[in-house]
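# Understanding the architecture of this molecule
So the chains spell out like this:
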Amino acid sequence: MSKVKDKREREKKIVADMIALYCQKKHRHKHILCTECAQLREYAEQRSDRCPFMETKTFCSNCKVHCYKPEMREKIRQVMRFAGPRMLMYHPIAAVRHLLESRKEKRRLLEHEI
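## Comments concerning the environment of threonine 56
- Along the chain, threonine 56 falls in the loop between α2 (35-49) and α3 (70-90).
- Measuring from C-alpha to C-alpha, the distance between threonine 56 and leucine 109 comes to 9.8 Å, with 53 residues separating the pair along the chain.
- Discounting residues that sit within four places of it in the chain, threonine 56 has contacts with Lys7, Glu105 and Arg108.

Below you can see the structure in the form of structure tokens.
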């Protein structure tokens, strides 16, 4: 698998895990996503699949171009705010990897701006 494809799959996995955690805790769905969360997951996967910047960015939060519709962007923000801190408890390895990759990317972006 290519480096970009691996990165794309990792991003889709972490977002899917966060949406599942959010749905489980907020909407009380245990094994399947509710309709709203399933639509958000599908939308996020489509955005990731079509991202032309995947090679040069780590996560959407570090991207200067936001391709989400405003409504969907707000929904994913709610999911991230809720699930992000809880990921350490439910998916610790993925959470730490995500944190390290995000910090590394932010540092790299700051160095390029200077």
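## Let's talk about the pattern of salt bridges
- Within this structure, the stated rule accounts for 7 salt bridges.
- Ionic pairing is found between lysine 13 and aspartate 17, a salt bridge with its closest N-O pair at 2.9 Å. Taken as a pair, lysine 13 and aspartate 17 lie in helix α1 (residues 3-26) at a separation of 4 residues, close to a single helical turn.
- Judged by relative accessible area, aspartate 17 falls into the buried class, the value being 12%.
- Counted as one network, the salt bridges with shared partners bring together Glu9, Lys12 and Asp49.

## Here's the deal with α1
- A rise of 1.5 Å per residue sets the reference length of α1, with its 24 residues, at 34 Å; its end C-alpha atoms lie 34 Å apart and thus fit the reference within 8%.
- Of the residues trailing α1, arginine 28 is marked for its positive phi of about 60 degrees.

The rules behind each value
Residues numbered from 1 in each chain as written. Predicted model: local features only at pLDDT ≥ 70, side-chain atom pairs only at ≥ 80, totals over all residues. Heavy atoms only, no water. Helix = DSSP H or I, 4+ residues; strand = E, 2+ residues; numbered from the N terminus. Contact = heavy atoms within 4.5 Å. Salt bridge = Lys/Arg side-chain N within 4 Å of Asp/Glu carboxyl O. Buried < 20%, exposed > 50% of the residue type's maximum accessible area, 1.4 Å probe, protein only. Expected span 1.5 Å × (residues − 1).

It is worth stressing that arrangement in space is one thing and function is another; only the former is reported here.
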